[in-house]
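Read off the chains here:
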Amino acid sequence: MANAALTQAPAATGPRTSLRRTIGNRRTLGNSALTVLAVSLTLLAMFPLFSVLYMLIVRGGALLSPSLFTELTPGAGMEGGGIGNAVVGTLVVVAISTCLALPLGFLGAVYLAEYGGDRKLATLVRFAAKVLTGLPSILAGVFAYATVVVTTGSFSALAGGCAMAILMIPTVMLTSESALLAVPSKMKMAAFGMGATRAQTVLRIVIPTAIPGILTGVMLALARAMGETAPLLFTALFSDYWFEGKLTQPIASLSVLIYNFAGSPFEHQVSLAWAASLVLVSIVLILNVTAQFATRRPEEQ
Amino acid sequence: MADSKISTASATPDLSEAFKSSVARPPSAWQKGFDRVFKNVAYAFGIGVALLLAGVVFEVLRNARTAIASYGFAFLTTSVWDPNRAQFGILAEIVGTLYTSVLALALGGFFGVTVALVLSQGFVPRRVELVMKNVVELLAAIPSVVYGLWGIFVLIPAVRAPSGWLNEHFGSIPFFSTRLSGPGIFPAALVLAIMILPTITAISREAMAAVPKRLAAAAYGLGATRWEVIFRVTLPTAIGGIFGALVLGFGRALGETMALAMLVGNANVFGWSLFSPGNTLAALLANHFPEAGKVEVAALMYAAFVLMLITLAVNALGSFIMLRTTRELKGLG
Amino acid sequence: MNSQELSAPMTSEMPDSGRDSAAQIAAAVGDAPVVMDCRIKTLHYGDFLAVRDTDIPIVSNEITAFIGPSGCGKSTVLRSLNRMNDFVNGFRFEGSVHYRGQDIYAPEIDPVAVRRSIGMVFQQPNPFAMSIYKNVAFGLKLNNFKGNFDERVEAALRGAALWDEVKDKLSSSGLSLSGGQQQRLCIARAIAVEPELLLMDEPCSALDPIATRRVEDLMLELKEKYTIAIVTHNLQQAQRVADRTAFLFVDTSAGGRTGYLIEYRPSAELFEDPREERTKAYIRGEFS
């Protein structure tokens, strides 16, 4: 068939063979065109990431020096200074939120994985956690404002930590649950078979085996919390001074610094916003990459 | 607690005769008590998470009640924000929220589904696929405030010239009726699209990957080209999951705050022009909360409640669709 | 009782091809000391009747084997001897399992206490994701053991014929061992607490012939100190190691698959001169 077409091609006057070819060609051509289009669109979709990284390195990297981390944020129109108080502040707020979110999210996961099963209550709890993952982060700030700021009468690191914790809890809980469920049931049965109580089985066998997966969840939650700004705007607020150990006072953070300085008319403050972004993105990316490695390991082995 | 400890402990002597072993012994009262306490603590924390959600809803509603009482339904149908005269209405913000999110969904959805196709249908070698997948995931990792900063200093300057050109030549079309002077709807929606793309890609990619291989194989067997298979088999089969991905992406866009607070312009009016400034519910909260007085806070709480209702409804819908399609796909597999 | 109706005509019409009567089982035990007396009337998983009418006495310091075609419920019976079936949703049990004069299904009995004194070895080797040493010491810790851990761990590993192979790497992971070694580690873990009774659920099914042989030799050594009940699908294995053998069969007449006891006798008699028709057929290899 193909042979016949080939041998006929030069002899034929044209229309018949060219018709055959163009039909075949139009399909393959369309096919290839769509493929090229799709791959280019994909590359285009990735462009913003590279543009952001480029800007961070060029504009943020320019200010990178040790003093960036040791000095306070400069006032309007002033030169020099750094983002030291914001770095410390972010760490403090994240530490507070981790202390709140870790026990709640983790033990909630233990409930779901070990006691809840398919029960109605567990389904309800799981549903609540899923809804909380979709909760706009600013609403976590609104909640913390209503409960902590209004009751204590001031913006504070504690309020910021509470707002953050609400965002971390569902992530910690849902990833920990799947890590706990991934522990082979034959190991659990071995423990039960030796007369371990459920608490002993969970604490001595299930949790130690699930630790890598749980850590991944915690790191992803941390990475998410680090970059959050909205819940801090009117809970932790900002402070131009060092953290003095008082959780009831406003506190600086990298993300709010970026927001405040991004709109500043002073070039130096804008540059500091870029530097702060570079620091923030570096921390977040490191946490993300570490988390991904932690999950991938068991699969490969 | 003490009671139950005693009653369970008293049951064990019956078996003690069985413990001839030098090691094995019945669980001690302490071990049994701990087991009980541990179980109750786990239950309490599980329920605590459900209560947390209830608490968030309740607190916002409680704080909004004075505003709901005084402004009522008119709050949703007027566009003023004047703390001095205590007049508030969020129509412009509601419409602005929906408008920016729909735009972001159109852009992010188109790109997101395309990326998902490229990353699931064997267009690129496995290794490249993995790298690209990680790059898309990293897009989601960049904090939104950094996107905001990038938007102000990279995106808005880049969009300004084309917006002027569009306004000059197509100014009669409402979408291009103004030119971009600074922040505006379009740059905000563009950044929003970038931010929801990873969500849409990840979920729709899963839906596409779940399409049984034998369906595609059957179509290839009939002589279909790759894109014919994609349009006639893969996409129709995965449509439920893709739709769920779009709805969940839409939900994210509705609640996204920082990029919008920095890029949308914070103007309490609504215009169809892509290049005019506008406002969204989340951006309103972000910009007004820090310095709000008592009356304004109540109005903001009302706005927060509206935002919560919209996002919860959209997210619930998305989760529901996902749940149904996973069930359907299980039937197919 | 549905199950009674099913079995009754069979015994009356064909006494030789039915199943052992209570008297025959009692005769098979004779004067031997019974550690555990298992009398299952019915065992359900939800609506599914998994096992009925199965009485198996387990004699002290002997190996009792449960054999039968797949699906006959022999593992289910074994797991009900230390209440491991409690973890299965919808599990219901009628009958009794008397262990040293106590019915372990009596309401006042704590299943956790039952499992402490009865060891179990599973079909799949299931060491914990921790070191070899910690695997063996796990039961000791569980029971608040106050004595010398090192001594106990070594004794258990020696008892499981694993000591020489692992004595230099006690701190490496239990999961790093080969399948046969893992299974012996699980046996060491079980005997470290010196249980009186050891339940083994097809312990060699995941092992190669050489590892199987080692575990069999081990069982013969262990029965000096412990009593063993073993489920096996391997008739030769039962013949080689078991002192007494219980043959279970599967009844499909009611539409389900319900296991029940056909014959219980000393292994030599059961294999050389089976009393029931079904036992004969099974030993000849007519069912799988």
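Owing to the predicted nature of the structure, the values given are computational and were not obtained by experimental measurement. (Residues numbered from 1 in each chain as written. Chains lettered and ligands numbered in written order. Predicted model: local features only at pLDDT ≥ 70, side-chain atom pairs only at ≥ 80, totals over all residues. Heavy atoms only, no water.)

## Digging into the overall build of chain B
Right, on to step 1. Within chain B, the regular secondary structure consists of 12 helices and two strands.
Right, on to step 2. Relative to the compact-globule value of 20 Å for 333 residues, chain B shows a C-alpha radius of gyration of 27 Å, a clear excess of over 25%.
Right, on to step 3. Along the three orthogonal principal directions, the C-alpha set of chain B runs to about 95 × 70 × 35 Å.
Right, on to step 4. Buried positions account for 53% of the 333 residues belonging to chain B.
Right, on to step 5. Of the contacts made within chain B by residues no fewer than 6 positions apart, 74% connect residues no fewer than 24 positions apart.
Right, on to step 6. Summed over all atoms, the accessible surface of chain B reaches about 14,500 Å², with 66% contributed by carbon and sulfur.
Right, on to step 7. Charge-centre separation for chain B: the mean point of 24 positive side chains lies 7 Å from the mean point of 16 negative side chains. (Helix = DSSP H or I, 4+ residues; strand = E, 2+ residues; numbered from the N terminus. Rg over C-alpha atoms; globule rule 2.2 N^0.38 Å. Buried < 20%, exposed > 50% of the residue type's maximum accessible area, 1.4 Å probe, protein only. Contact = heavy atoms within 4.5 Å. Areas by Shrake-Rupley, 256 points an atom, 1.4 Å probe, with all protein chains shown as cover. Lys, Arg positive; Asp, Glu negative; His and termini not counted. Charge placed at Lys NZ, Arg CZ, Asp CG, Glu CD.)

## Thoughts on the overall build of chain C
Right, on to step 1. Scanning chain C from N- to C-terminus turns up 12 helices and 10 strands.
Right, on to step 2. Against the 2.2 N^0.38 benchmark of 19 Å for 288 residues, chain C shows a C-alpha radius of gyration of 19 Å, consistent with a compact globule.
Right, on to step 3. Principal-axis analysis of the C-alpha atoms places the extent of chain C at approximately 65 × 40 × 35 Å.
Right, on to step 4. In chain C, which comprises 288 residues, the share counted as buried stands at 59%.
Right, on to step 5. A sequence separation of at least 24 residues applies to 70% of the contacts in chain C between residues at least 6 apart.
Right, on to step 6. Accessible area of chain C: about 11,500 Å², with a carbon and sulfur share of 48%.
Right, on to step 7. Positive and negative charge centroids in chain C, built from 32 and 39 side chains respectively, lie 5 Å apart.

## Details of a nonpolar patch on the surface
Right, on to step 1. Residues Trp165(B), Phe170(B), Ile173(B), Phe175(B) and Trp272(B) make up a contiguous nonpolar surface patch of roughly 520 Å² in combined accessible area.
Right, on to step 2. As for its position among the elements, Ile173(B) is in the loop between α6 (144–170) and α7 (185–209). (Patch = residues over 30% accessible without salt bridge, like charges linked within 9 Å, V, L, I, M, F, W, Y side chains within 5 Å. Salt bridge = Lys/Arg side-chain N within 4 Å of Asp/Glu carboxyl O.)

## Observations concerning the nonpolar core
Right, on to step 1. Judged by nonpolar contacts, the single largest core of 190 residues is most densely connected at Val110(A) and Leu285(B).
Right, on to step 2. When residues of this core are assigned to their parent elements, the largest contribution, 16 residues, is made by helix α4 (residues 84–116) of chain A.
Right, on to step 3. No fewer than three residues from each of domain 1 (2–55) and domain 2 (67–300) of chain A sit in this core.
Right, on to step 4. Residue contacts for Leu285(B): discarding those within four places in its chain leaves Ile138(A), Leu139(A), Val142(A), Phe234(A), Pro290(B), Leu300(B), Ala303(B), Ala304(B) and Leu307(B). (Core = buried A, V, L, I, M, F, W, Y, C linked by side-chain atoms within 4.5 Å. Domains from an automatic or database assignment.)

## Things to note about the confidence of the model for chain B
All names here are of chain B.
Right, on to step 1. In this model, chain B carries a mean pLDDT of 87, and residues with pLDDT of at least 70 account for 92%.
Right, on to step 2. Considering each helix and strand of chain B separately, the mean pLDDT is smallest for helix α1 (residues 2–11), with a value of 38, and largest for helix α4 (residues 91–118), with 95.
Right, on to step 3. Low confidence marks residues 1–14, where pLDDT is under 50. Its contacts with residues over four positions away, or in another chain, come to 12 contacts. (pLDDT = per-residue confidence, 0-100.)

## A word on the packing of aromatic side chains
Right, on to step 1. Tallied over the full model, the rule gives 32 aromatic pairs over all chains.
Right, on to step 2. With a centroid separation of 4.2 Å and 15° between ring planes, the pair formed by Phe234(A) and Phe289(B) is classed as stacked. With one member in each of two chains, Phe234(A) in the loop between α10 (230–233) and α11 (254–262) and Phe289(B) in the loop between α11 (281–288) and α12 (294–332) form a pair that bridges those chains. Accessibility assignment for this pair places Phe234(A) and Phe289(B) in one class, buried.
Right, on to step 3. Note on Phe145(C) and Phe149(C): the rings are 5.6 Å apart at their centroids and 50° apart in plane angle, and the pair reads as tilted. The pair Phe145(C) / Phe149(C) is uniform in exposure class, with both members buried.
Right, on to step 4. Note that Arg198(A) overlies the ring of Tyr115(A), its terminal NZ or CZ placed 5.8 Å from the centroid.
Right, on to step 5. Directly above the aromatic system of Phe123(B) lies the positively charged group of Arg226(B), at a separation of 4.5 Å from the ring centroid. (Phe/Tyr/Trp six-rings, centres within 6.5 Å; stacked < 30°, edge-to-face > 60°. Lys NZ or Arg CZ within 6 Å of the ring centre and 35° of its normal.)

## Re the interface of chain A and chain B
Right, on to step 1. Across the boundary between the two partners, chain A contributes 76 residues, which contact 72 residues of chain B.
Right, on to step 2. Overall, the association of chain A and chain B removes approximately 6,600 Å² of surface from exposure, summing both partners, and the carbon and sulfur fraction of that is 81%.
Right, on to step 3. Linking chain A to chain B there are zero salt bridges.
Right, on to step 4. Where chain A packs against chain B, one counts eight residue pairs in polar contact (both at pLDDT 80 or more).
Right, on to step 5. Element by element, the count of residues in the side of chain A that touches chain B is highest for helix α2 (residues 15–61) of chain A, at 20 residues.
Right, on to step 6. Counted by class, the side of chain A that touches chain B contains 55 nonpolar, 16 polar and five charged residues. (Buried area = accessible area lost by both parts, 1.4 Å probe. Polar contact = N/O pair within 3.5 Å; in protein donor to acceptor, adjacent residues only side chain to side chain. Nonpolar A, V, L, I, M, F, W, Y, C, P; charged D, E, K, R; others polar.)

## Things to note about the packing of helix α9 (residues 198–227) of chain A against helix α5 (residues 132–142) of chain C
Right, on to step 1. Close contact between α9(A) and α5(C) brings their axes to 13 Å; oriented N to C, the two are set at 150°. With respect to each other, α9(A) and α5(C) are oriented roughly antiparallel. Handedness of the crossing formed by α9(A) with α5(C): right-handed. The segment α9(A) lies against α5(C), with Gln200(A), Arg204(A) and Ile205(A) engaging Phe138(C), Lys141(C) and Leu142(C).
Right, on to step 2. Its residues assigned to classes, the contact of α9(A) with α5(C) shows three nonpolar, one polar and two charged. (Axes fitted to C-alpha atoms, helices over the stretch in contact; angles between N-to-C directions. Parallel < 35°, antiparallel > 145°, perpendicular 65-115°, else oblique. Left-handed = near helix turned anticlockwise from the far one by under 90°.)

## Considering unusual backbone geometry
Keep in mind that most residues, glycine aside, have a negative phi and that most peptide bonds are trans.
Right, on to step 1. Positive phi is not limited to glycine here, since Ala86(B) has a value of about 55°.
Right, on to step 2. Along the polypeptide, Ala86(B) turns up in the loop between β1 (81–82) and β2 (87–88).

## A short note on the environment of Ala303(B)
All names here are of chain B.
Right, on to step 1. Following the sequence through the fold, alanine 303 ends up in helix α12.
Right, on to step 2. Using a relative accessible area of 1% as the deciding quantity, one classes alanine 303 as buried.
Right, on to step 3. When neighbours within four sequence positions are excluded, alanine 303 is seen to be in contact with Phe75, Ile90, Leu281, Leu284 and Leu285.

## Examining the side chain of Arg189(C)
Right, on to step 1. Looking at where Arg189(C) falls in the secondary structure, it is placed in helix α8 (residues 179–191).
Right, on to step 2. Buried and unpaired, Arg189(C) has no salt bridge, with Asp201(C) as the nearest side chain of opposite charge at 13 Å.
Right, on to step 3. A distance of 3.3 Å separates a polar atom in the side chain of Arg189(C) from a polar atom in the side chain of Asn135(C).
Right, on to step 4. Not counting the four nearest positions on each side in its chain, Arg189(C) is found in contact with Ala190(A), Met194(A), Asn126(C), Pro127(C), Phe128(C), Asn135(C) and Val136(C).

## As for the pattern of salt bridges
Oppositely charged side chains can pair when the atoms bearing their charge come close.
Residues and elements named next belong to chain C.
Right, on to step 1. Enumeration according to the criterion identifies 34 salt bridges over all chains in this entry.
Right, on to step 2. Residues arginine 275 and aspartate 20 are paired through a salt bridge, measuring 2.8 Å at the closest nitrogen-oxygen approach. Taken together, the positions of arginine 275 in the loop between α11 (267–272) and α12 (277–284) and aspartate 20 in the loop between α1 (2–13) and α2 (22–29) put the pair 255 residues apart, joining distant regions of the chain.
Right, on to step 3. On the basis of relative accessibility, which here comes to 5%, the residue aspartate 20 falls in the buried class.
Right, on to step 4. In this structure, glutamate 216 engages arginine 213 in a salt bridge whose closest nitrogen and oxygen atoms are separated by 3.9 Å. Taken together, the residues span about one helical turn, with glutamate 216 and arginine 213 both in helix α9 (residues 209–222) at a distance of three residues.
Right, on to step 5. Classification of arginine 213 as partly exposed rests on a relative accessible area of 45%.

## Observations regarding the state of the cysteines
Right, on to step 1. Counting across every chain of the model gives zero disulfides over all chains.
Right, on to step 2. Cys99(A) takes part in no disulfide bond, and the closest cysteine sulfur, belonging to Cys162(A), lies 11 Å away.
Right, on to step 3. Distance from the sulfur of Cys186(C), which forms no disulfide, to the nearest cysteine sulfur (Cys204(C)) is 12 Å. (Disulfide = S-S within 2.5 Å.)

## Some words on the packing of α4(B) against helix α9 (residues 226–255) of chain B
All names here are of chain B.
Right, on to step 1. Look at α4 against α9: their axes get within 9 Å of each other, and the N-to-C directions meet at 145°. Two packed elements cross with a definite hand, and for α4 against α9 that hand is right-handed. Together, Thr97, Leu98, Ser101, Val102, Leu105, Gly109, Val113 and Leu117 of α4 and Trp227, Ile230, Leu235, Ile242, Leu246, Phe250, Ala253 and Leu254 of α9 make up the contact between the two elements.
Right, on to step 2. Its residues assigned to classes, the contact of α4 with α9 comprises 13 nonpolar, three polar and no charged.

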